[in-house]
Amino acid sequence: MYVRAKCHGVLWVYGDVLPGAVEVMNRFKEMGKKIFFCTNNSTKTRKELLVKSHNMGFNITEEEVISTAHSLAAYLKNRNFNKKVFVIGSEGITKELDAVGIDHTKVGPEHMPGSLQQYLSNHFKLDDNIGAVVVGFDEYFSFPKMTKAASYLNNPECLFIATNTDERFPMPNMVVPGTGSFVRAIETCAERKATVIGKPNVAICEHLIKDGTIVPERTLMIGDRCNTDILLGYNCGFQTMLVGTGIHQLNDVDSWKASDDPELHKLLPDVYLPKLGDLLPYM
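As named in an unreviewed UniProt entry, the protein chain is 4-nitrophenylphosphatase, taken from Stomoxys calcitrans. One UniProt comment on the protein chain, placed under Sequence similarities (unreviewed entry), says "Belongs to the HAD-like hydrolase superfamily."

Engineer: Even after reading the chapter, I still don't get the overall build of the protein chain, so can you show me in this structure?
Structural biologist: From N to C terminus, the protein chain includes 11 helices and 15 strands. Against the 2.2 N^0.38 benchmark of 19 Å for 283 residues, the protein chain shows a C-alpha radius of gyration of 20 Å, consistent with a compact globule. C-alpha extents for the protein chain along the principal axes are approximately 65 × 40 × 35 Å. Looking at the protein chain residue by residue over its 283 residues, the buried ones come to 48%.

Engineer: What's the story with the packing of aromatic side chains in this structure? I'm lost.
Structural biologist: Each aromatic ring pair is summarised here by two numbers: the centre-to-centre distance and the angle between the ring planes. All told, the structure shown has 7 aromatic pairs when counted by the stated rule. One aromatic cluster is present, built from ring pairs that chain together Trp-12, Phe-37 and Phe-58.

Engineer: I keep staring at the pairing of strand β9 (residues 159-162) and nothing clicks. Help me out?
Structural biologist: Each regular strand shows side chains that alternate between the opposite faces of the sheet. Residues Leu-159 and Ile-161 of β9 are buried on one face, and the alternating residues Phe-160 and Ala-162, pointing to the opposite face, are buried as well. As defined by bridge partners, strand β8 (residues 130-135) adjoins β9 across 4 bridges and the pair is classed as parallel. Paired with Ala-132 across the bridge in β9 is Leu-159. Direction of pairing for β9 relative to strand β12 (residues 195-196): parallel, over a ladder of 2 bridges. Bridged to Ala-162 within β12 is Val-196.

Engineer: How should I be thinking about the UniProt feature "binding site: substrate" (unreviewed entry) in the protein chain in this particular structure?
Structural biologist: Sequence positions flagged by UniProt for "binding site: substrate" (unreviewed entry) are, in local numbering, Lys-199. With respect to the helices and strands, the residue Lys-199 is situated in the loop between β12 and α8 (206-210). The contact partners of Lys-199, leaving out residues within four places of it in the chain, are Lys-6, Cys-38, Thr-39, Asn-40, Ile-204, Met-221, Thr-228, Asp-229 and Leu-232.

Engineer: Sorry if this is basic, but what is going on with the UniProt feature "binding site: Mg(2+)" (unreviewed entry) in the protein chain here?
Structural biologist: Sites flagged by UniProt as "binding site: Mg(2+)" (unreviewed entry) map to Asp-224. The topology assignment puts Asp-224 in the loop between β13 (219-223) and α9 (226-236). Sequence-distant contacts of Asp-224, defined by excluding residues within four places in its chain, comprise Lys-6, His-8, Gly-9, Val-10, Asp-229, Leu-242, Val-243, Gly-246, Ile-247 and His-248.

Engineer: I tried to follow the nonpolar core on my own but got confused; where do I start?
Structural biologist: Soluble, globular proteins show a tendency: their nonpolar side chains are buried together. Core analysis: the largest hydrophobic core is formed by 27 residues, its most contacted members being Leu-11, Met-25, Phe-28, Phe-37, Phe-58, Ile-222 and Leu-276. Of all the secondary structure elements, the ones that give two or more residues to this core are β1 (2-6), α1 (21-30), β4 (34-39), α2 (46-56), β13 and β14 (239-243). Per element, the largest residue contribution to this core is 5 residues, and it comes from α1. Apart from the residues lying within four places of it in its own chain, the contact partners of Ile-222 are Val-3, Arg-4, Ala-5, Lys-6, Val-10, Phe-28, Met-241, Val-243 and Leu-276. Grouped together as the second largest cluster of nonpolar side chains are 19 residues, Phe-86, Ile-130, Tyr-152 and Ala-194 included.

Engineer: Hey, could you run me through unusual backbone geometry in this one?
Structural biologist: Excluding glycine, most residues fall at negative phi; most peptide bonds, likewise, are trans. In this chain, Lys-199 is followed by Pro-200 through a cis amide linkage whose omega measures 15°. Note on placement: Pro-200 falls in the loop between β12 and α8. Residue Glu-191 is not a glycine yet carries a positive backbone phi of 55°. Among the structural elements, Glu-191 can be located in the loop between α7 (179-190) and β12.

Engineer: Looking at this model, I keep getting lost on the sheet that holds β13. Mind explaining?
Structural biologist: Working definition: the strands of a sheet are paired by backbone hydrogen bonds and lie parallel or antiparallel to each other. Spatially, the 6 strands line up as an open sheet ordered β5-β4-β1-β13-β14-β15, and their pairing is parallel. If you trace the sheet from one side to the other, it starts and ends with β5 (65-67) and β15 (271-273), each paired once. Looking at each pair of strands side by side, their axes are set apart by 20° on average, direction ignored. Across the sheet, helix α3 (residues 68-78) lies against β4 and β5, angled at about 70° from β5, the strand it touches most.

Basis of the calculations
Position numbers for residues start from 1 in each chain and track the written sequence from start to end. pLDDT decides what is reported in this predicted model: residues at 70 or higher carry local features, side-chain atom pairs at 80 or more are listed and counted, and totals for whole chains, interfaces and linings draw on all residues regardless. The basis for every side-chain value is the complete set of heavy atoms in the structure, and neither hydrogens nor water enter the calculation. UniProt positions are given in the numbering used here, feature names are shortened, and annotations may be inferred rather than shown by experiment. To qualify as a helix, a DSSP run of H or I must reach at least 4 residues; to qualify as a strand, a run of E must reach at least 2; elements of each kind are numbered from the N terminus. When we talk radius of gyration, it's over C-alpha atoms, and the globule rule is simply 2.2 Å times the number of residues to the 0.38. With a 1.4 Å probe rolled over the protein chains alone, any residue whose accessible area is under 20% of its type maximum counts as buried; one over 50% counts as exposed, and the rest are partly exposed. Aromatic rings from Phe, Tyr and Trp, taking only the six-membered ring of Trp, are treated as a pair when their centres fall within 6.5 Å; an angle between ring planes under 30 degrees marks them as stacked, one over 60 as edge-to-face, and anything in between as tilted. The pairing criterion for strands is at least two bridges between them, as found by DSSP. Working rule for contacts: check all heavy atoms of both residues, and any pair within 4.5 Å makes them a contact. Joining through side-chain atoms within 4.5 Å is the link that ties buried Ala, Val, Leu, Ile, Met, Phe, Trp, Tyr and Cys residues into a set, and such a set is a nonpolar core. With axes taken as lines fitted to C-alpha atoms, and helix axes fitted only over the stretch in contact, angles between N-to-C directions fall between 0 and 180 degrees.

Take a look at the structure:
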């Protein structure tokens, strides 16, 4: 059996490990199961996610970490991409691009000095060597970045790639926009759709299925967000488990189950648990 687990919301929340998560995942490995940590978080490299996992006590290797930043770098490398990438995102993406020898723009703040007219007249400049626009989570997302992205994408030969389309991160008393918010904004002004690497798209683990590392009918996908994690399981033919420590809850599942919309039925998990640690007594 193969176990794929989302990280944030299933194994940990920011820097805090969720109760019982370490014990359950390590027990899977002791039982001889192959496990993978699969995340749409593009702000960290695989190595950084591995260090975080080890510090929390998880017994896992770098090859068992699947991240969108690493997957998009591999995607470009496999296409023999030899131009420059315009990155809207963080160093998790640029470090993974560096690792495969792909040139890219810098990340960080890009402010618009003065008015829009002043910016376009005196500061706006495009790089002739850009061959791809990549969009990940960017806490410095701005009007200048969106303007440049759409301008590059006006060239139909320029690739348009998104790490994921997670809409938002609900937190106490606030909502933090997710990568999907940035992707949709650029899709609108560029009048193009992005190729999405992360969950729920099969691209994030297709290579593991093709080479036989993962056997879909013997794989369990564990997640907290149904339109990414559980839908990935549906798209890949995995069994699915929803845990209630993140985005979606059992009442969401009940409402989708009562719907006549077949697309909503794809979001229904096979199993629900309040938290991953609840599985431990049955192992």
